[in-house]
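# Results of the structural survey
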Amino acid sequence: NGRLIGVLGRRDLQAADHGAESRARRTRLRDIVPRDLFYCRETTDLAEAVAMMREHQVEWIPVLGIDRRPVGLLALADLPEESTATTTRGERKA
């Protein structure tokens, strides 16, 4: 149906311990993709999206459109440094 059901990251793969190539070939993504999905909307404020990434300790977040279909992926590495400058509590630095 085109809707996002999960996002698999590097840490998820490491946690699943699929270092052996033969075992990795037999692993189905649906068995290891986390179901506790978080995302932002295309209307979400940038500062709020950055705060969500910090809260969940990730470097990217899926962006969904009004119909809950993926429209993009926001990555901290793609943002100007001043957009991501926050304190440890998620507050903007002055």
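Once that is clear, we can look at the overall build of the chain. Helix and strand counts for the chain come out as 5 helices and 3 strands. Helices and strands in the chain line up, N terminus first, as α-α-α-β-α-β-β-α. Long-range contacts, defined as pairs at least 24 residues apart, comprise 45% of the intrachain contacts of the chain with a sequence gap of at least 6. When the accessible surface of the chain is split by element, carbon and sulfur atoms take 48% of a total near 7100 Å².

A word on the pattern of salt bridges. Considering all chains together, one arrives at 1 salt bridge under this definition. For the salt bridge of Arg69 with Asp67, the shortest nitrogen-to-oxygen distance reads 3.3 Å.

Structurally, the position occupied by Asp67 is in the loop between strand S2 (60-64) and strand S3 (70-75). With 65 residues separating them in the primary sequence, Asp67 and Gly2 have C-alpha atoms 9.8 Å apart. There is a polar contact of 3.1 Å between the side chain of Asp67 and the backbone nitrogen of Arg69.

Turning next to the pairing of S3. The sheet contact formed by S2 and S3 spans 5 bridges and is antiparallel. Pairing of Ile61 across the sheet is with Leu74, part of S3. Hairpin connection, S2 to S3: the antiparallel pair is bridged by 5 residues, and Arg68 has positive phi, about 65°.

So, about the sheet that holds S2. Taken together, the 3 strands give an open sheet; going across it, the order is S1-S2-S3, and neighbouring strands pair in mixed fashion. The open sheet has two free edges, formed respectively by strand S1 (40-41) and S3, since each of these has just one partner strand. Sheet analysis places S1 next to S2, joined by 2 bridges and oriented parallel. Bridge pairing links Arg41 to Leu64 in S2.

Before going further, it helps to examine the confidence of the model for the chain. Here the chain averages 80 in pLDDT, and 78% of its residues register 70 or above. The least confident element of the chain, judged by mean pLDDT, is helix H2 (residues 21-26) at 60; the most confident is S1 at 96. This model gives residues 87-94 a pLDDT under 50, and the stretch forms 9 contacts once residues within four places in sequence are excluded.

Analysis parameters
Residues numbered from 1 in each chain as written. Predicted model: local features only at pLDDT ≥ 70, side-chain atom pairs only at ≥ 80, totals over all residues. Heavy atoms only, no water. Helix = DSSP H or I, 4+ residues; strand = E, 2+ residues; numbered from the N terminus. Contact = heavy atoms within 4.5 Å. Areas by Shrake-Rupley, 256 points an atom, 1.4 Å probe, with all protein chains shown as cover. Salt bridge = Lys/Arg side-chain N within 4 Å of Asp/Glu carboxyl O. Polar contact = N/O pair within 3.5 Å; in protein donor to acceptor, adjacent residues only side chain to side chain. Pairing = 2+ DSSP bridges. pLDDT = per-residue confidence, 0-100.

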